[in-house]
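Geometric and topological summary
Each chain is listed here by its residues.
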Amino acid sequence: MASLTFKHVYKKYPGGVTAVSDFTLEVKDKEFLVLVGPSGCGKTTTLRMIAGLEEITEGELFIGDKLVNDIAPKDRDIAMVFQNYALYPHMTVFDNMAFGLKLRKVPKEEIKRRVEEAARILDITHLLDRRPKALSGGQKQRVALGRAIVREPKVFLLDEPLSNLDAKLRAQMRTELTKIHQKVGTTFIYVTHDQIEAMTMATRIVVMKDGLIQQVDTPQNLYDMPANLFVAGFIGTPQMNFIRSRLEANGDDVYLVFANNKLKLPPEKASNPAIKDYIGKEVIAGLRPECIHDEPMYLSSWADAVVTAYVDVTELMGAETYLYLLVEDQEITARVSARSTARSGDTIKVALDLSRLHLFDKDTTKAILH
């Protein structure tokens, strides 16, 4: 088993393109770490540097306590699973999984033991005699994972392995991958642009943008305490609402002012010393869709935080409804009960749960308070 340590790692390409900048991170042994971010943010490049498929321009990478910058991919004791599976079509599942071990001259009995053990973990024992063309997408994905598991590597690298699967199978495989990680007990480093995958599987998430780490934390902490506007908007579906606002004070009371609304902040927010420097200034207020309510009980209990909104679009999701609202010129999404009677074209009142308000600096985009 192995930990990984990145020390100020850079990847620069000819022509002055920097794909990864100052990547510094400790990955714990047996951790399920997910790199997430939009296309082109440097997450796959980072994975390829771990694999040795891309050279590190600057900085150091350790696997365990061993510096691996100049060590060949085959000697790094890692296994990589790609999104296209890369199975050999003319070989059976057993031979696909055993191929890497045969190249390493592992004894036949040991190969048989490892393949059968991996097949048992992945529930594909009944597929060992089939060829890839007779497998479904989910089965091929398991075979690709099995081929990695039999090598018993120190680190698993997974590059968007679920992106070719349909929505239902992706949800299933997320659960399966979490179980496999627990059974195998090895370090997993997983790349995806899908923040739902990241939130459901990771022990920690690295959010990247333009080659830079924006924040590293547990899924729940990223959701509850995003470091900046980018992380706040990237993590969570539907994404967090951002409202252009001003902070105003009257004695000890602090108000959030936007459009024609002046909403009184709860005492615990108003007394937070972090907002002292922002009184009288513009800020970005952040509020998750589930913190906006249209039910009468909330409208009466949070009378200090009620606004009038125009219902632009409604989306019934079965268990809940998304309301896409306009408060003057500002767009806001609310996630409300499926029993909501709001319909497109209505003008309604909604209550904002300001106890869960986030505030961000308009210029630096950094979080002021949560």
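Just above sits the structure.
The written sequence of each chain sets the order in which its residues are numbered from 1. This being a predicted model, a pLDDT of at least 70 is required before a residue's local features are given, and a value of 80 or more before pairs of side-chain atoms are given or counted; all residues contribute to the totals for chains, interfaces and linings. Each side-chain value is worked out from all heavy atoms of the structure, with water and hydrogens disregarded.

**A word on the nonpolar core**
For clarity, the cut-off: Buried residues of nine kinds, namely Ala, Val, Leu, Ile, Met, Phe, Trp, Tyr and Cys, make up a nonpolar core once their side-chain atoms join them within 4.5 Å. Only protein chains enter the calculation, and the probe is 1.4 Å; a residue is then buried if its accessible area is under 20% of its type maximum, exposed if over 50%, and partly exposed in between. We call two residues in contact when some of their heavy atoms are within 4.5 Å.
Ranked by size, the top nonpolar core spans 47 residues in total, and within it Met97, Leu145, Leu158 and Tyr190 carry the most contacts. Leaving out residues up to four positions away in the same chain, Leu158 has contacts with Leu47, Val81, Leu145, Leu177, Phe188, Ile189, Tyr190 and Val191. In terms of nonpolar packing, the next biggest core, distinct from the first, is built from 34 residues, Phe258, Leu263, Ala309 and Ile348 among them.

**Overview of helix H2 (residues 93-103)**
Selection criterion: Strands are runs of DSSP state E lasting at least two residues, helices are runs of H or I lasting at least four, and both sets are numbered from the N terminus onward.
Those residues of H2 that fall on the buried side of the exposure criterion are Val93, Asn96, Met97, Ala98, Gly100 and Leu101. The secondary structure elements touched by the buried residues of H2 are helix H3 (108-122) and helix H4 (137-149). Count one or two residues on from H2 and you reach Lys105, which has phi positive near 60°.

**Thoughts on the pairing of strand S13 (residues 261-264)**
What counts is decided by this rule: A pair of strands is labelled paired if DSSP reports no fewer than 2 bridges between them.
Side chains Asn261 and Leu263 project from S13 onto a buried face, and the interleaved Lys262 and Lys264 project onto a face without burial. Pairing geometry for strand S12 (residues 253-258) and S13, over four bridges, is antiparallel. In the sheet register, Leu256 faces S13, and the bridge partner there is Leu263. Connecting S12 to the antiparallel partner S13 that follows it, the hairpin turn spans two residues, and Ala259 within it adopts a positive phi of roughly 50°.

**Remarks on the sheet that holds strand S4 (residues 58-63)**
Heads up, the condition is: Here an axis means a line fitted to C-alpha atoms, over the contact stretch when the element is a helix, while the angle between two N-to-C directions is reported on a 0 to 180 degree scale.
Spatially, S2-S1-S4-S5 is the arrangement adopted by the four strands of the open sheet, whose pairing is antiparallel. Here the strands that pair on one side only, and so sit at the sheet edges, are strand S2 (17-27) and strand S5 (66-67). Pairing analysis gives seven bridges linking strand S1 (residues 4-13) to S2, with the strands arranged antiparallel. What sits directly across from Val9, in S2, is Phe23. Across the sheet, helix H1 (residues 43-51) touches S1, S2 and S4, and the angle it forms with S1 is around 115°.

**A look at H4**
For clarity, the threshold we go by: What a helix should span is 1.5 Å times the count of its residues minus one.
Across its 13 residues, H4 extends 18 Å between first and last C-alpha, which sits within 8% of the 18 Å expected from 1.5 Å per residue. Counting buried positions along H4 gives ten out of 13 residues, so the element sits mostly inside the fold. Along H4, the residues that are buried comprise Gly138, Gln141, Arg142, Val143, Ala144, Leu145, Gly146, Arg147, Ala148 and Ile149. In this structure, the buried residues of H4 make contact with strand S6 (78-81), H2, H3, strand S7 (155-159) and helix H5 (167-184).

**Focus on the environment of Val9**
Of note, Val9 is situated in strand S1. Separated by 37 residues in sequence, Val9 and Thr46 place their C-alpha atoms 9.0 Å apart. The residues contacting Val9, other than those within four sequence positions of it, are Val20, Ser21, Asp22, Phe23, Met49, Ile56, Glu58, Gly59 and Glu60.

**Things to note about the sheet that holds strand S10 (residues 212-217)**
Judged by pairing direction, the sheet is mixed, and its six strands sit side by side in the order S6-S7-S8-S3-S9-S10 without closing on themselves. Two strands in the sheet have a free side with no partner beyond their single neighbour: S6 and S10. Taken pair by pair, the neighbouring strands of this sheet meet at an average axis angle of 15°, ignoring direction. This element, H4, spans S6 and S7 of the sheet and lies at about 170° to S6. Set on the sheet, H5 makes contact with strand S3 (32-36), S7 and strand S8 (187-192); between it and S8 the angle comes to about 160°.

Geometry only, nothing functional implied.
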